[in-house]
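Summary of the model geometry
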Amino acid sequence: MASTSTTCAPERAAELAESLNSVRARVTAASRDRSPTLVAVSKLKPASDVQGCYQHGQRDFGENYVQELCDKAPVLPEDIRWHFIGTLQSNKAKTLASIPNLYAVHTLNSTKAATALNKGVPDTRATPLNVLIQVNTSGEDSKSGLPPLTTTSSSELVDLARHVVTDCPKLHLLGLMTIGSLDASLNEGDENKDFETLTRTRDLLQEALRGSGADGGRWGEDGKLLLSMGMSSDFEAAIHAGSAIVRVGTSIFGSRK
Ligand SMILES: *Cc1c(COP(=O)(O)O)cnc(C)c1O
């Protein structure tokens, strides 16, 4: 599958440049002020595809499988910012945390995994590892993540956020991530109820963190938790709803096997 040759054929490089341009234009058009970070989701695509996008200025890439990321990261440029967006298993946390240019883990969903990640971050790492807590906004059994918030009172999500902020000095709580159901976009046009749920959950979590004296600086960016939401089918709706990080695979690389 993931060949370690990083040479991108000229025709493929041109194809990737064109799809990247088109996605970037759509991201910009959907944004009001600050454009969100575009993460190019390269799972199941060869390292040469990543290199092709890199040549066209792309630096943020997303991967779902620890082994695949461990194969790709060492053969690709060091200034790539890798985002782990797959299911996080505590027993793989150490391997994952040891990747020097891992920028963020979007799928944190337990204190056990947070502790394992914190322990796995090498002492040589210059900056804390960003983590986002995954929220199951659609409530579907097929999606992982913690339940969204309806109040600021104690819950699994608030407890996990506090654990990261107070007990995991090598981690930085950057924000919240969700996948959301496809139907939420299809049924209500631009208003996606799952994205609204993540926004509301973020506001409540910020309140809970401030109320507990877990002050800013230890979490978020400029005093705000960031939202990672939006994929090929719904990234424009996600940006309208306030997403700071969109994760786009198919619209850049084409369909996966
Ligand atoms: C695969 C994946 C994506 C990208 O999905 P596309 O529909 O190909 O854009 C985004 N987020 C997560 C969590 C994924 O697993």
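Parameters at a glance
Residues numbered from 1 in each chain as written. Predicted model: local features only at pLDDT ≥ 70, side-chain atom pairs only at ≥ 80, totals over all residues. Heavy atoms only, no water. Helix = DSSP H or I, 4+ residues; strand = E, 2+ residues; numbered from the N terminus. Rg over C-alpha atoms; globule rule 2.2 N^0.38 Å. Buried < 20%, exposed > 50% of the residue type's maximum accessible area, 1.4 Å probe, protein only. Contact = heavy atoms within 4.5 Å. Pairing = 2+ DSSP bridges. Right-handed = clockwise from strand over helix to strand, strands pointing away.

**Some details on the overall build of the protein**
- When helices and strands are tallied, the protein shows 10 helices and eight strands.
- Here the C-alpha atoms of the protein give a radius of gyration of 18 Å, agreeing with the 18 Å that 2.2 N^0.38 yields for 257 residues.
- Projected onto its principal axes, the C-alpha positions of the protein cover 55 × 45 × 35 Å.
- When the 257 residues of the protein are sorted by exposure, 53% land in the buried category.
- A fraction of 61% describes how many contacts in the protein between residues 6 or more apart in sequence connect residues 24 or more apart.

**As for helix 2 (residues 47–55)**
- Within helix 2, eight of the nine residues are buried, leaving the element largely enclosed by the surrounding structure.
- A47, S48, D49, V50, Q51, G52, C53 and Y54 are the residues of helix 2 that are buried.
- The inward-facing, buried residues of helix 2 abut helix 1 (10–30), strand 2 (60–63), helix 3 (66–72), strand 3 (81–84) and helix 10 (250–253).
- Note on helix 2: the residue one or two positions beyond its end, G57, has a positive phi of about 90°.

**Observations concerning the pairing of strand 2**
- With burial as the criterion, each face of strand 2 is covered, one bearing D60 and G62 and the other bearing F61 and E63.
- Two strands pair when backbone bridges link them, and strand 1 (residues 37–41) and strand 2 are joined in this way by two bridges, in the parallel orientation. Looking at the pairing, V41 lines up with G62 of strand 2.
- Chirality of the crossover, the property in question, places the unit of strand 1, helix 2 and strand 2 among those that are right-handed.
- Crossover strand 2 to strand 3 through helix 3 is right-handed.

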